[in-house]
Structures are given as C-alpha cells and as structure tokens.
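# Coordinate analysis (summary)
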Amino acid sequence: MIGYLLRRMLGAIPLLLGILTIIFFIIHLAPGDPTARFFSPQVSPEVIEQMRHNLGLDQPLHIQYLKWMKSFLTGDFGYSLGQGRPISEIMPEVLWNTLQLTLVSLVIIFVVGMLIGIVQAVRQYSVADNVLTVLALFFYSMPTFWFALMLSLIFALKASQWGWPVVLPSSGMATVGTEWLGRGAILRDRLLHLILPATALGIGTAAGVARYMRGAMLEVIHQDFIRTARAKGLSERTVIFKHALRNAMIPIITLLGLYLPFLLSGAVLVETIFAWPGMGSTVVNAIFQRDYPLVMATSFVIAVIVVLGNLLSDVLYAVVDPRIRAE
Amino acid sequence: MLASPVPESLPPAPLPVADDGGFPTDRGGRAWGGAAALVLSWGFLLALLFLSYRRIGATLAGPRVPVDFWVALASLALMVALAAWVTWRVLRRPPAGGRKRGDSQWAIAGRHFRRNRLAMAGLVVMIVLYALTLLTPLLAPYGPADMGTVASSGGLGPSLHHWFGTDKFGRDILSRVLYGSRISLSIGFIAVAISMSLGTLVGALAGYYGGWVDSALMRFTDMMLSFPRLVLLIVVIALFESSIWLVVLVLGLTGWMGTARIVRGEVLSLREREFIQAARALGMEDGRIIFRHIIPNTLAPVIVSATLGIGQTILTEASLSFLGLGVRPPTPSWGNMIADGRDALTQAWWISTFPGLAIVFTVIAFNLLGDGLRDALDPRLRT
C-alpha cells in the first residue's frame with residue numbers, strides 16, 4: 001500500500017513540471033510582454049529596456065525558464081499587477097473560498113447523485129426511473145452559468161418580489177454586518193450564501209453521477225451474491241445499502257478525480273455570477289485587468305488541485321479495491 | 001438403424017425469411033411514422049416557400065444579396081430535391097421481399113439505432129436544428145440587428161409579433177436565437193472535427209508504436225487533462241488576439257484528450273489482431289497500416305465521442321461568450337445573448353431564458369444521439 005502510494009506520488013512530479021512548462025510556453029508564445037502596458041510616448045525606450053532588464057526579460061529563454069521553475073517551486077508566485085500585493089498573500093484566501101464552495105458542492109453531487117442513481121436502479125423502468133432519467137438528462141445538458149442565472153432570478157430576485165418567506169442571498173459570501181454577530185450566526189449566514197452557488201455548481205455533475213450510479217447499481221444488483229443475500233433473509237435495506245452499494249461505489253470513486261476539472265471550470269462561471277471571491281472570479285478579473293502573473297499563478301494552483309484530486313481518487317480506489325494494489 | 005421416412009435427396013425446407021433483412025420489426029408502425037414524417041416535411045417546405053417567396057423576390061431584386069441568403073436558397077432547393085427523391089423512392093418501392101441488403105456492421109448498428117426511439121428523437125431534432133440554421137435568412141421574422149423604433153419596440157415581453165420578446169434595443173429575440181444557432185452549431189462542428197482528428201491521430205500513434213512514443217504522448221495527454229478546459233481556454237484567448245477562429249481552434253485543441261485515450265485503448269488490442277499482422281507481413285508501410293487498417297476500425301467510439309463532444313463544445317463556447325471572451329456582441333451567439341439579459345433579469349426574464357433553453361434543447365439532442373449511437377455501435381450494449 002505504501003509502495004503504491006509512493007509510486008503514484010512520484011508519478012505526479014513530472015506531471016506538475018510539465019504543467020509548469022506548458023504555462024511558461026503559453027506566456028512566451030503570446031505576443032508582447034509585461035512591459036507592453038507601459039508603452040506610451042512619454043516613456044523613453046531606455047526606461048522600457050531597463051524594465052525588461054529588471055524583470056529579467058532580456059535573458060536567454062532557457063535561463064528564464066529555469067528561474068521561473070525555481071520561483072514557482074519555492075512558492076514565490078510574484079507580484080499581482082492588478083491588486084498591488086504579493087500573490088502568495090492573495091492565494092491562500094481565494095483558495096480557501098473556492099475549496100469551501102467546491103467541497104460543499106461535492107457533497108451535494110455525491111449524496112444527491114448517488115441517491116437518485118440508487119432509486120432508479122432499484123425501481124428500474126418504473127415511472128420514477130423514467131422521470132428521473134429525463135430530469136438527469138435535462139440537468140446534465142444545461143449550461144452551468146444559465147442555471148446559475150435562473151436560480152438567482154427565481155430564488156433571490158423574484159422571491160423578494162413575490163414575498164416568499166425565504167429569500168436566498170445571490171451575491172458574495174456574507175451579509176454586511178454579520179461580522180459583529182456570534183459564531184453560529186456567521187456560520188448560518190455563510191451556509192445561506194453557499195446554497196445557490198453550490199447547487200448551481202453541483203447539479204449538472206450530480207446528474208452525471210446519477211447516470212453512472214444507475215448503471216453501476218444495475219450491474220451489481222443482478223449478480224449472484226445479491227440473490228444470496230436476499231435468500232439469507234436480509235432486509236432489502238441491508239441488501240441495497242450494504243451489499244450492493246459498497247460494490248457499486250468502486251467505479252463512482254474514480255469519478256471524483258474525473259469531475260474535479262469540470263467542477264473547477266464550473267467554479268469560474270459560478271463564482272463570477274454569484275460574486276464569490278474565489279479562484280475562478282480571481283482568474284476572470286485578472287484576465288480583464290491583464291494581470292498575467294496572477295493568471296499564471298491561479299491556473300497553476302488549479303492544475304495542482306486537479307492533480308492532487310486525481311491522486312486522492314487513485315488512493316481511495318486502492319483502499320476500497322484490493323485488486324488494484326497488487327498490480 | 002431405422003429407415004428415415006424422408007428421403008435424403010429431398011432439398012431442405014426453405015427457412016422463413018423476414019422481409020426486413022432478417023430482422024423482425026413492426027413494419028406497419030414504421031411505415032406510418034415514415035409517411036407522417038414525409039407529409040410533415042412537405043408541409044414545412046411548402047409553407048416556407050409560400051411564406052417567404054415575397055421576401056425571396058424582394059431580396060433578389062435588391063441591390064446586394066448577402067452570401068448567407070444564397071446559402072439559404074441553395075439549402076432550400078436541396079431540401080426540396082431531397083424530399084422529392086425520398087417520396088419518389090417510397091412510391092416506387094418494390095413490394096417487400098425484393099432486394100436484400102447485406103449485413104455489414106454498420107447496417108446492423110443502423111437497425112438497432114432506428115429501434116431506439118429516444119435516439120431517433122435526438123437525430124430528428126438535430127436535423128431540424130441544422131435545417132433551421134441553414135434556412136435562417138428565410139425564416140427569421142426580423143434581422144439580427146433590426147431595432148425598430150427603440151422607444152416603442154424595446155423590452156417587449158413575448159407576444160404574437162415577437163414570440164420570444166425583444167431586448168432593450170428592440171431586437172427580436174427569436175430572430176437572434178435563430179441567427180445565434182449558426183455560431184453555436186458551426187463552432188461545435190468544426191471544433192469537434194479538429195479535436196477528433198487530433199485525438200485519433202495521437203491515440204493511434206501512441207497505441208501503434210508503444211514504447212517511448214506512447215509514454216511521451218500519454219504523459220502529454222495527462223498534462224492537458226489536468227487543466228480545467230475553461231481555465232486553459234480563458235488564459236489562451238486572453239493572451240492572444242481574440243477572434244472566432246481563435247475560439248474554434250483553441251476549442252479544438254483542448255478537446256482531444258478523451259478521444260486519444262479511447263483510440264489508444266482500441267489500437268492496443270487491434271495491433272495484435274491477425275489482419276494487422278497480415279498487413280505487416282505483406283510489407284506495408286506503417287502509415288498505410290495506421291490510416292487504412294487501424295483507424296477505420298476505431299471509428300465507432302470516435303463517432304460516439306464526437307457526438308457527445310459537440311454538445312460539450314456548444315456548452316463551452318456559450319460559457320466563453322457569456323464571459324465576454326468568445327463571440328463579440330454585435331454578432332448574436334447564445335452565450336452573449338444570455339450575458340446581455342443578465343443586467344435586466346428581473347424586468348425582462350425572456351432575454352436570458354430563451355437562448356438558454358435553445359442551448360439546453362440542442363445539447364439534449366446531441367446527448368440523446370450520442371447515447372443512442374453508443375448503444376447501437378457497441379455490440380455489448382445492444383439489447
């Protein structure tokens with residue numbers, strides 16, 4: 001087990017180096033460099049030349065490449081041009097905000113998706129199965145950003161117009177003034193703010209999980225050991241949730257690693273719409289401000305999260321399925 | 001040994017042959033469905049001709065006929081010809097039991113596909129969508145940039161004059177949704193063509209040569225997979241000068257990884273098969289073996305992932321346009337129309353809602369089609 005873990009972690013290192021290389025070449029293929037924003041008749045070419053020298057842009061490409069690798073690997077992401085502060089200061093807070101959103105929607109995805117998949121598999125070809133299949137297809141085919149807009153239209157904007165008892169907040173992470181309240185109130189406020197973004201982010205993926213879960217459960221339910229379990233006289237609940245679910249979960253766990261890039265792509269849109277100050281809205285704002293260091297740092301951190309997520313799902317897979325470890 | 005009452009020289013009784021290529025179907029139901037489809041398409045074409053002949057005349061008499069109008073006229077002519085040809089073939093079809101088709105893999109898959117009602121619905125929706133897109137200049141009640149008198153025509157709700165309402169400039173949402181379908185459908189098609197070719201090539205090379213070629217290509221594929229697609233797209237499009245062609249190209253260059261993996265898996269098993277060994281023994285070049293013998297045999301999963309990929313690409317393009325990085329505003333695209341309606345969401349819900357529904361139905365059609373194709377093309381999934 002330890003050996004397997006170590007091998008997987010060693011395999012991730014060249015992957016991360018490669019990702020850094022891709023990011024480096026994308027910047028250097030792009031026309032212009034960071035000094036381009038200072039070009040103007042008032043700035044003499046010598047000053048620009050001095051800037052290029054200070055930033056190390058006049059050095060040969062391979063030297064720049066090695067320096068860039070070194071600074072990124074030591075956690076020095078440089079200085080954000082748009083926000084005017086070091087990126088190593090910005091990164092932890094936006095990372096934590098995105099993780100809150102992503103983790104809550106991961107919970108929604110797996111709980112809702114798996115429950116729906118189980119219901120569909122247990123009642124195969126029933127009305128409920130057909131209705132849920134159509135619904136899953138609908139949510140699976142829906143653009144995340146459109147669903148997010150519709151959610152905020154109905155549950156935030158129209159809800160207050162129509163005088164619904166509960167109006168969900170549709171922007172930001174906290175109501176103004178909550179910081180004066182107690183811990184419980186802050187937590188409650190944060191959860192309220194999480195409902196709409198996490199739902200918008202999770203629903204499409206949950207529909208995908210439901211489709212997989214239905215297939216995986218159906219495959220397991222028709223196997224002999226389930227018939228044996230029923231023949232032993234176990235209750236249906238034990239059969240489904242203990243014997244069938246555990247075996248059907250194995251392929252679902254790999255989905256965790258597979259869906260992480262989709263979730264983070266979705267987070268870019270959802271965070272922009274709900275003004276959630278995380279990695280996604282940071283990267284979009286940084287692009288509109290031409291803040292290249294921040295763009296590169298954010299996309300690198302996002303790629304690292306994806307690689308770590310894949311690693312985690314590999315490890316989980318090895319934990320639940322002993323056959324994998326032997327290879 | 002007992003004497004058999006039947007002399008051995010007698011020919012065996014002929015086996016009962018079903019008239020549909022040996023595949024029992026309810027012929028009656030399908031014939032009626034086909035007839036209804038034929039009548040409907042004739043009705044649609046005639047109604048279109050009747051409603052738009054004045055517009056055709058006016059535009060042709062005008063000073064300048066736009067290119068898309070010629071395309072629409074040509075597609076209309078083609079559709080009428082196609083409908084006439086199908087009708088003619090149906091009417092003079094020889095009675096059942098006449099000509100027999102061979103049973104190729106594709107014919108079998110086709111029969112399975114035709115029995116899958118949901119997949120057929122997806123196919124019909126897709127055909128109708130492409131027809132609508134081609135015929136848009138004849139169909140759209142208004143031009144994509146016609147504003148009317150902005151004061152009295154802006155921000156109207158859905159009504160008989162404007163089925164989907166108008167936006168704040170008085171532009172008709174229905175017409176803009178129709179014109180926007182061009183962008184979505186053609187970008188989806190071209191980008192997927194690029195990514196499928198690239199993915200097939202990478203997968204075939206990796207699987208066929210193995211060794212260091214395989215490890216290098218597959219590590220690169222893993223790297224590309226570690227970037228969330230949207231983030232990579234945003235970064236590239238923001239750094240370079242944005243245009244529709246860049247969007248198409250980058251969408252194509254970021255969508256090939258899944259296909260490459262699938263094709264590699266197929267090629268790994270194909271490589272060991274006898275017909276490839278025979279081709280090698282005949283002294284064929286690697287290039288010829290790959291392109292003539294290996295790639296055609298990996299087409300089935302590629303077609304499936306292409307169909308599903310078009311849906312995903314349409315979603316991604318809409319997201320980019322929504323963020324303001326894809327198709328730029330005067331040109332209507334479903335993504336930037338939704339972004340347009342975002343500011344006036346409470347006063348004019350229809351501006352964002354209808355383009356969104358258009359995306360949903362298009363993507364559902366492609367997903368249904370892709371699922372149906374997978375069930376039909378994969379022998380293990382046939383029911």
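Not measured: the values here are computed from a predicted model.

## Points about unusual backbone geometry
Residue and element names in this part refer to chain A. Unlike most non-glycine residues, Ala275 shows phi in positive territory, near 50°. The residue Ala275 is located in the loop between α9 (236-273) and α10 (279-288) in this model. Take Ala275: its relative accessible area is 43%, and that puts it in the partly exposed class.

## As for the confidence of the model for chain B
Residue and element names in this part refer to chain B. For chain B, the average pLDDT comes to 78, and 86% of its residues sit at 70 or higher. Contacts of residues 1-8 to residues separated by more than four positions or lying in other chains number 0 contacts, the stretch itself having pLDDT below 50. Across residues 15-26, confidence stays below pLDDT 50; counting only partners more than four residues off in sequence or on other chains, it has 15 contacts. Across the interfaces of the predicted complex, the ipTM metric reaches 0.81, alongside a pTM of 0.81.

## Regarding the packing of aromatic side chains
All names here are of chain A. For the structure on display, the rule yields 8 aromatic pairs over all chains. Between Phe139 and Phe147, the ring centres sit 5.7 Å apart and the planes meet at 75°, which makes this aromatic pair edge-to-face. Residue Phe147 is classed as buried on the basis of its relative accessible area, which comes to 12%. Linked through ring pairs, Phe138, Phe139 and Phe147 together constitute an aromatic cluster. Arg211 extends its terminal NZ or CZ atom over the ring of Tyr140, reaching a point 4.6 Å from the ring centre.

## A short note on the interface of chain A and chain B
Contact with chain A, which involves 47 residues of that partner, is made by 42 residues of chain B. Of the roughly 3,900 Å² buried between chain A and chain B, counting both surfaces, carbon and sulfur atoms make up 81%. One can count 1 salt bridge joining chain A with chain B. The partner of Asp371 of chain B in a salt bridge is Arg211 of chain A, with the nearest N and O atoms 3.3 Å apart. Along the lines of polarity and charge, the residues of the side of chain A that touches chain B split into 37 nonpolar, 7 polar and 3 charged.

About the cut-offs
- Residues numbered from 1 in each chain as written.
- Chains lettered and ligands numbered in written order.
- Predicted model: local features only at pLDDT ≥ 70, side-chain atom pairs only at ≥ 80, totals over all residues.
- Heavy atoms only, no water.
- Helix = DSSP H or I, 4+ residues; strand = E, 2+ residues; numbered from the N terminus.
- Buried < 20%, exposed > 50% of the residue type's maximum accessible area, 1.4 Å probe, protein only.
- pLDDT = per-residue confidence, 0-100.
- Contact = heavy atoms within 4.5 Å.
- Phe/Tyr/Trp six-rings, centres within 6.5 Å; stacked < 30°, edge-to-face > 60°.
- Lys NZ or Arg CZ within 6 Å of the ring centre and 35° of its normal.
- Buried area = accessible area lost by both parts, 1.4 Å probe.
- Salt bridge = Lys/Arg side-chain N within 4 Å of Asp/Glu carboxyl O.
- Nonpolar A, V, L, I, M, F, W, Y, C, P; charged D, E, K, R; others polar.

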